[in-house]
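# Secondary and tertiary structure notes
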Amino acid sequence: MDTKLKNKYKYFLIFIISICFFGISLISAFDIKNNRSFIRKEPYFNSHFFKGELLEYFDSLKTLTDETYKNNKDAENESERKNLDIYEGAKNQADSKESLRYYIKDRDSGKIYTNIKDLKNIEDYIKNNSSYVEIFPKDNRGDELQTIDNWFQKIIFRGKLFL
């Protein structure tokens, strides 16, 4: 008699467990469908947070490449020294993020702005040392980085920001 009592609840227990597994599977499927952006290959690099950090970093780079720095080398009055201090602050901020690298080239003069030491070939450096690259200017970007593109096109620079 004991064996019949055990078998009586066995199928009911299997039925309840299978309903629970089906429910968990259904919830997981909806969650994956709704949060597809987190599963993509490069979710961080396409996120608004990362684009915002690039924009913030770019503000420092824009100050670095500003033409006023050339005139402020020999700063004599206080306002020129303030501009030099702004430049030095921007340089320190740009160099403080060691993971972000920049390579900006003035197409007219050939002057290069970079935070890479002992650079021989930029393409080899990027291929060997980076996991993500943004090239500027880029046609038809249409995202948060459009302001950076506009600046590069206006100033006639070419550049790369990479990790």
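Structure report, in brief. Note that the coordinates shown come from a computational prediction; the quantities given were computed from them, not determined experimentally. (Residues numbered from 1 in each chain as written. Predicted model: local features only at pLDDT ≥ 70, side-chain atom pairs only at ≥ 80, totals over all residues. Heavy atoms only, no water.)

### Here we look at the packing of aromatic side chains
Within the structure shown, the criterion is met by nine aromatic pairs. Between the aromatic rings of Phe58 and Trp151, the centroid separation amounts to 5.2 Å while the plane-to-plane angle is 75 degrees, which identifies the pairing as edge-to-face. Linking Phe58 in helix α2 (residues 48–64) with Trp151 in helix α6 (residues 146–155), this pair joins segments that are 93 residues apart in sequence. Taking relative accessible area as the criterion, Phe58 reaches 4% and is therefore assigned buried. Using a relative accessible area of 12% as the deciding quantity, one classes Trp151 as buried. Aromatic rings pair up to connect Phe58, Tyr113, Phe136, Trp151, Phe152 and Phe157 into one cluster. (Phe/Tyr/Trp six-rings, centres within 6.5 Å; stacked < 30°, edge-to-face > 60°. Helix = DSSP H or I, 4+ residues; strand = E, 2+ residues; numbered from the N terminus. Buried < 20%, exposed > 50% of the residue type's maximum accessible area, 1.4 Å probe, protein only.)

### So, the pattern of salt bridges
Within this structure, the stated rule accounts for one salt bridge. Between Lys160 and Glu123 there is a salt bridge whose closest N-O contact spans 2.4 Å. Of this pair, Lys160 sits in strand β4 (residues 157–162) while Glu123 sits in helix α5 (residues 122–129), and the two are 37 residues apart along the sequence. On the accessibility criterion, Glu123 (43% relative accessible area) is partly exposed. (Salt bridge = Lys/Arg side-chain N within 4 Å of Asp/Glu carboxyl O.)

### Some points on the side chain of Glu134
Mapping Glu134 onto the fold places it in strand β3 (residues 133–136). You can call Glu134 buried: its relative accessible area is 6%. Within the local environment of Glu134, its side chain forms a polar contact with the side chain of Tyr132, the two groups lying 2.4 Å apart. Once you skip the residues sitting within four places of it in the chain, Glu134 turns out to touch Lys51, Leu54, Arg141, Leu145, Gly159, Lys160 and Leu161. (Polar contact = N/O pair within 3.5 Å; in protein donor to acceptor, adjacent residues only side chain to side chain. Contact = heavy atoms within 4.5 Å.)

### Details of a nonpolar patch on the surface
Together, Phe12, Phe15, Ile16 and Ile19 give the surface a local cluster of nonpolar side chains, amounting to about 390 Å² of exposed area. Looking at the element boundaries, Ile16 is found in helix α1 (residues 2–34). What makes Ile16 partly exposed here is its relative accessible area of 35%. (Patch = residues over 30% accessible without salt bridge, like charges linked within 9 Å, V, L, I, M, F, W, Y side chains within 5 Å. Areas by Shrake-Rupley, 256 points an atom, 1.4 Å probe, with all protein chains shown as cover.)

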